[in-house]
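Spelled out from the first residue to the last, the chains are:
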Amino acid sequence: MKGIQLFLTVVVIASCWAALNPTSRQQQEIEEHFLPLHLSKIDPLSARALMSNDFESGFIDPWYDASPSNVHWVVEDFAAPNEANNPAPTPSFGTKYLRATRNANLNSGLLILRTLKFTALPADQISISFWIRSKYTGQNTLDLVLDNGGTESTLYSWSSYSTSVNFEWRKSVPVPIPVDAATDVTLIFYAYCGGNPEDAIAIDDIVFESSNVPATTPVSDDCQDFLQGNTSVPCWNLEGKCYCFSTITTENWGETEKFCKDGGMNLLSIETQEENQLIYNHWLANPEAINKRTYWTSGRYCPETEWLWIWSYESDGRNCQQQSQFNYINWAENEPT
Ligand SMILES: [Ca+2]
């Protein structure tokens, strides 16, 4: 692909909180049954502020385990897995995560992870990291459900990653919370974990945030000369976007994407002829500074769908059809291979 690496910066816009509704009787009964006393005192607005959780503290508030059977959500430390013969993959950050934890007989069962009632606002979204492994493909499931006034609706299912060879933590797509106005709701993870030694489900890095974020930042102030002071990654503001050109050689696409994300940016998606020309001209004009001829872009081949190339905003587990397919292409000769 004739393309050059681009990073786009992102600005977060703070959102406002609104009024709350009274807790329903049904929710009260659930919370009284499962919750530690200190948690039942939290009001929906306070619960909202606590929704993100990486479990490094060992606490899961304002989430709580409401599993009815032999399998429960328990914070596990990577250094001391409960199932030594089926350890979780190395977390991308920290050491703790929430895992479907079975008894000594590895009994299967339904798992339920609920939040306290919290105030959701329009444009709210949630993402997670997850790991699912199944002896039998599709056996183990992980679904996210919204409970809005007692009506449950499934927001997302990650069960397609439920295979015997899944040894990766994956980052989910941001899942929108569909409310039209400030609404007190509950989120629920429903999961099923089988009784085979290979079976496992784990959740980490729950991020709850507003999606009121522009995709790009049309300002020059945020585009420094170098990415986070790294002189191997010079940056320029080109027509209102910040483009950085890494001269560091990376081993593969995943490593490169992580490098960009660690710098608060994303790999380049070249979606128009104009943008391709802009970057190409800049590259021609700055050979000493850029000093490379080949670059990774965000383009990737989607294995789930035959011959589908997409601009991947991040390797987040989204279905290929949900990401940006190539509209503009300018393959080099004999590409793609
Ligand atoms: Ca963690």
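Residues numbered from 1 in each chain as written. Predicted model: local features only at pLDDT ≥ 70, side-chain atom pairs only at ≥ 80, totals over all residues. Heavy atoms only, no water.

Participant: Would you take a moment to explain the packing of aromatic side chains for this structure?
Facilitator: Think of a pair of aromatic rings as described by two things: how far the centres are apart, and how the planes are tilted against each other in angle. The tally for this structure, following the rule as stated, stands at eleven aromatic pairs. Where Phe118 meets Phe208, the ring centres are 5.3 Å apart and the plane angle is 85°; that geometry is what we call edge-to-face. Here Phe118 is found in strand β5 (residues 118-120), whereas its partner Phe208 is found in strand β12 (residues 200-210), with 90 residues between them in sequence. When its relative accessible area of 0% is taken as the criterion, Phe118 is described as buried. Taking 5.1 Å as the distance between ring centres and 70° as the angle between the ring planes, the aromatic pair formed by Trp309 and Trp331 counts as edge-to-face. Remark: Trp331 occurs in the segment after β18 (324-325) and Trp309 occurs in strand β17 (residues 308-311); sequence separation between them is 22 residues. Given the relative accessible area of 21%, Trp309 is considered partly exposed. Judged by its relative accessible area of 22%, Trp331 is partly exposed. (Phe/Tyr/Trp six-rings, centres within 6.5 Å; stacked < 30°, edge-to-face > 60°. Helix = DSSP H or I, 4+ residues; strand = E, 2+ residues; numbered from the N terminus. Buried < 20%, exposed > 50% of the residue type's maximum accessible area, 1.4 Å probe, protein only.)

Participant: Teacher, can you tell me more about the coordination of the calcium ion here?
Facilitator: For a metal with four tetrahedral donors the ideal donor-metal-donor angle is 109.5 degrees, whereas six octahedral donors ideally subtend 90 or 180 degrees. Within the protein, the calcium ion binds to Asp54 (O), Glu56 (OE), Lys96 (O), Asp204 (OD) and Asp204 (OD); these donor distances fall in the range 2.2 to 2.6 Å. Mapped onto the sequence, the residues coordinating the calcium ion show the spacing D-x1-E-x39-K-x107-D. Highlighted residues: Glu56 in the loop between α2 (44-49) and β1 (63-65) and Asp204 in strand β12, separated in sequence by 148 residues. Using a relative accessible area of 23% as the deciding quantity, one classes Glu56 as partly exposed. (Donors = N, O, S within 2.8 Å, 3.2 Å for Na, K, Ca; no water.)

Participant: Where do I start with the state of the cysteines in this structure?
Facilitator: Here is the idea: a disulfide is a covalent bond, and it sits between the sulfur atoms of two cysteines. Under the counting rule described, the total for this entry stands at two disulfides. Disulfide pairing is shown between Cys223 and Cys242; the S-S distance is 2.2 Å. The chirality of the disulfide connecting Cys223 with Cys242 is right-handed, given an S-S dihedral of about 75°. Here the residue Cys223 occupies a position in the loop between β12 and β13 (226-227), and Cys242 occupies one in strand β15 (residues 241-244), the gap between them amounting to 19 residues. Here Cys242 falls in the buried class, since its relative accessible area comes to 5%. A disulfide bridge connects Cys235 with Cys244, and the sulfur atoms are separated by 2.1 Å. Between Cys235 and Cys244, the S-S dihedral sits near 105°, and the bridge is therefore right-handed. There is no disulfide at Cys260, and the cysteine sulfur nearest it, in Cys244, is 8.6 Å away. (Disulfide = S-S within 2.5 Å.)

Participant: Hey, could you run me through the pattern of salt bridges in this one?
Facilitator: For side chains bearing opposite charge, pairing can occur when the charged atoms are close. Under the defined criterion, the tally for this structure stands at nine salt bridges. Arg114 is the partner of Asp147 in a salt bridge, and the nearest nitrogen-oxygen pair spans 3.4 Å. Of this pair, Asp147 sits in strand β7 (residues 141-148) while Arg114 is found in strand β4 (residues 109-115), placing the two residues 33 residues apart along the sequence. Across the pair, Arg114 and Asp147 agree in class, each one buried. Note that Asp262 and Lys258 form a salt bridge whose closest N and O atoms lie 2.9 Å from each other. Within this pair, Asp262 and its partner Lys258 are both found in helix α3 (residues 253-262), separated by four residues, close to a single helical turn. Judged by its relative accessible area of 49%, Asp262 is partly exposed. We classify Lys258 as partly exposed; its relative accessible area is 47%. (Salt bridge = Lys/Arg side-chain N within 4 Å of Asp/Glu carboxyl O.)

Participant: Any chance you could explain the sheet that holds β13 here in plain terms?
Facilitator: Either a parallel or an antiparallel arrangement is found when strands of a sheet pair, and the pairing is made through backbone hydrogen bonds. With respect to topology, three strands assemble into an open sheet ordered β13-β14-β15, the strand pairing being antiparallel. Here the strands that pair on one side only, and so sit at the sheet edges, are β13 and β15. Summarising the sheet, β13 and strand β14 (residues 230-238) pair through two bridges and their orientation is antiparallel. Considered in β14, the bridge of Phe226 is made with Pro234. Packing against the sheet, helix α4 (residues 273-285) makes contact with β14 and β15, and its axis sits at approximately 50° to β15. (Pairing = 2+ DSSP bridges. Contact = heavy atoms within 4.5 Å. Axes fitted to C-alpha atoms, helices over the stretch in contact; angles between N-to-C directions.)

Participant: Which parts of the structure should I look at to understand the nonpolar core?
Facilitator: By size, the foremost hydrophobic cluster in this structure holds 43 residues, and its most contacted members are Trp73, Ile126, Leu142, Trp158, Ile177, Leu187 and Phe189. With six residues, the top contributor of residues to this core is strand β11 (residues 183-193). Dropping the residues within four chain positions of it, Trp158 is found in contact with Ile128, Phe130, Ile132, Leu142, Asp143, Leu144, Ser172, Val175 and Phe189. Of all hydrophobic cores here, the second largest spans 13 residues; its members include Leu238, Leu268, Ile270 and Tyr295. (Core = buried A, V, L, I, M, F, W, Y, C linked by side-chain atoms within 4.5 Å.)

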